[in-house]
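# Report on the structure
If you want the building blocks of each chain, they are given just below.
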Amino acid sequence: MKPTRLLLLASTALMLAACDFVRFPGDGGPSPETPDTGPAVPPGAPGPPPPSAPVDDPYGTGGDTGTDDGDVDAGPDIPTDPVTDDPAEPDDGSDDLPDDTDAATDTDADAPADDADTPAADDTTDGEPDADTNNPDDTDTVPDTDIDTDLDAGDDTDTNPPSDDDAGSDDTQAPDTPGDTDTPANDGGDDTASLPDPVEPTFSYFEAGALLPGSGQGAPDQIAYAPDIVFPIADAPAYLQSQVFSFGGGVAGGDQCDARNYTYPWRDNFCEVRSANRTSPYCPLPKVHQGQDIRVGTAADCNTLRRTSAADRALHKVVAVEDGIISHVGTYSVNLRAGGRIYKYMHMNMSKLEVKAGDPVTAGQHIGYVSNDFGGTPTTFHLHFEITQNDANSGWIHVPPYLSLAEAYERREGGPGEVIETGGVEVATAPFIIPEGMEIIE
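Cut-off values and rules
- Residues numbered from 1 in each chain as written.
- Predicted model: local features only at pLDDT ≥ 70, side-chain atom pairs only at ≥ 80, totals over all residues.
- Heavy atoms only, no water.
- Helix = DSSP H or I, 4+ residues; strand = E, 2+ residues; numbered from the N terminus.
- Buried < 20%, exposed > 50% of the residue type's maximum accessible area, 1.4 Å probe, protein only.
- Contact = heavy atoms within 4.5 Å.
- Areas by Shrake-Rupley, 256 points an atom, 1.4 Å probe, with all protein chains shown as cover.
- Disulfide = S-S within 2.5 Å.
- Phe/Tyr/Trp six-rings, centres within 6.5 Å; stacked < 30°, edge-to-face > 60°.
- Lys NZ or Arg CZ within 6 Å of the ring centre and 35° of its normal.
- Core = buried A, V, L, I, M, F, W, Y, C linked by side-chain atoms within 4.5 Å.
- Polar contact = N/O pair within 3.5 Å; in protein donor to acceptor, adjacent residues only side chain to side chain.
- pLDDT = per-residue confidence, 0-100.

Moving on: the overall build of the protein chain. A count of helical and extended segments in the protein chain gives 5 helices and 12 strands. Taking all 442 residues of the protein chain together, 32% fall into the buried category. A separation of at least 24 residues holds for 69% of the contacts in the protein chain among residues at least 6 apart in sequence. For the protein chain, the exposed area adds up to about 26400 Å²; of that, 52% sits on carbon and sulfur atoms.

Below you can see the structure in the form of structure tokens.
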């Protein structure tokens, strides 16, 4: 028990010694002072009330706030842009840009419309040009900065307002004016230098369905039903046109070797009037021509063929338009079947065919020669070409071949064709009047 008593006595002695430093009211020591409470604080205020009189230079900037007179003061916690105190900088960064500069275009294409990527603390002036959005790592809000300056700036992210010593410093980087950019000015002649040379059309053709006046009513709203075919004539010039209503035809009269037959533009003759009851759902009227006639070569070639015996005519090659099988050979026709289509060739020299029924062929393969075989019925030197397509609703039907042939000819010639719209063009051809009782077979 003695050690315990000794410990308690020692603790009591230490506590009594410490009490010498504690003073209580009335113990004879000096009275404690109450601090001055200052002016009354309005309820809910975060700090002391504002001064009753205006204070000059409240933020210690030496009287230079860094903003224009019309700008709204953003407060002490929002730094001002060191560039906006330059009176020479226009309010709108795009007003003086030349029309052909890329700056405005790039900003419109790449920057979000609501400027969501620009920090709110940097938006201190109304109408300030947008920051360069092409450099997302650079948080400096200097507008329209030249790309060379952006690269040199590196990680410079200081947006604090300038001090009194820096306010008039020449080291402050002002934004480039439009005249300092690297974009070349438009002198009125440089733009055309980079444009490709215009391509001359290789041929011309009237729009699809524009038949010769008086020869029938063409198929409207045509498309290329066989868009990838090879043109059926290997290499000679070709002219799509009527063989009945052109020179040398049964209605037009004249000579089939007339040079006027061997000129552009082409003319559609699908749906041309015929005597036989042949139809197509694409033709507005019944009794129609179900294919497209193609005249080949030149007027001199025509006379050469005329002087050559029928069995020996081998001047202009005819080729397969698509990979397929020769499915039929008739008296004056050859059928090529390829998938869901049948291509019919008529009036070739049947004595010099290069294929027989059942032969496989590839696109561009030689199959025969242009002539005028028609089972003993006279016709002109030309190739009659049809496209029959298997339609899920109507079965095998004839479709307009005109635009498919036009696209194939463009590929063969390596250049575009020029479409002649007849809506605003006067065609110098009087409507044909078919003699009463005349039978049109071809």
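With that settled, the discussion passes to the state of the cysteines. Using the criterion set out here, one finds 2 disulfides in the structure. At a sulfur-sulfur separation of 1.9 Å, the disulfide partner of C257 is C302. Taking the torsion about the S-S bond as the criterion, the C257 to C302 disulfide, at about -70°, is left-handed. In this pair, C257 is assigned in the loop between strand 2 (238–240) and strand 3 (292–296) and C302 in helix 4 (residues 299–307), connecting sequence segments 45 residues apart. Assigned by exposure class, C257 and C302 land together as buried. Each disulfide pairs two cysteine sulfurs, and for C271 the partner residue is C283, the sulfurs being separated by 2.0 Å. A torsion of -85° about the S-S bond marks the disulfide between C271 and C283 as left-handed. With C271 in the loop between strand 2 and strand 3 and C283 in the loop between strand 2 and strand 3, this residue pair connects regions lying 12 residues apart in the sequence.

To continue, consider the packing of aromatic side chains. Throughout the structure, instances matching the rule amount to 15 aromatic pairs. Ring centres of F203 and W266 lie 4.6 Å apart, and the angle between their planes is 40°; on these two criteria the pair is classed as tilted. One end of the pair, F203, is in strand 1 (residues 203–206); the other, W266, is in the loop between strand 2 and strand 3, and 63 residues separate them in sequence. You'll find F203 and W266 in the same group, each marked buried. Among the aromatic residues, ring-to-ring pairing joins F203, Y205, F231, Y239, Y262, Y264, W266, Y402 and Y409 into one connected group. One cation-aromatic arrangement involves R267 over F206; the distance from NZ or CZ to the ring centre is 3.9 Å. Across from the ring centre of Y262, 5.9 Å away, lies the NZ or CZ of R295, which sits over that ring.

Note the cis peptide between Y264 and P265, where omega equals 10°. Secondary-structure assignment places P265 in the loop between strand 2 and strand 3. Phi at C271 takes a positive value of approximately 80°, unusual for a residue other than glycine. Positive phi values are uncommon outside glycine, yet K287 reaches one of about 55°. Tracing the backbone shows K287 in the loop between strand 2 and strand 3.

Turning our attention to the nonpolar core. With 42 residues, the main nonpolar core has F231, I233, W266, I294, Y343, Y345 and F385 as its most contacted residues. Of all the secondary structure elements, the ones that give two or more residues to this core are strand 1, strand 2, strand 3, strand 6 (333–338), strand 7 (341–346), strand 10 (383–391), strand 11 (395–399) and helix 5 (402–413). Examining the composition of this core, we find that 6 residues originate from one element, helix 5, more than from any other. Those residues within four positions of I294 in sequence are excluded, and the remaining contacts are F231, P232, I233, A238, Y239, L240, H382, L383, F385 and L405.

Along the polypeptide, Q241 turns up in the loop between strand 2 and strand 3. Assessed through its relative accessible area of 8%, Q241 is described here as buried. Distance in space between the C-alpha atoms of Q241 and N269 is 6.4 Å, their sequence separation being 28 residues. Setting aside residues no more than four positions away along its own chain, Q241 makes contact with S246, N261, R267, N269, Q292, D293 and R295. At 2.9 Å, the side chain of Q241 and the backbone oxygen of N261 are in polar contact. Engagement of the side chain of Q241 in a polar contact is seen with the side chain of R295, the distance being 2.5 Å.

When pLDDT is averaged along the protein chain, the result is 73; 55% of the residues meet or exceed 70. The low-confidence segment residues 63–181, where pLDDT is below 50, has 101 contacts with residues more than four positions distant or belonging to other chains.

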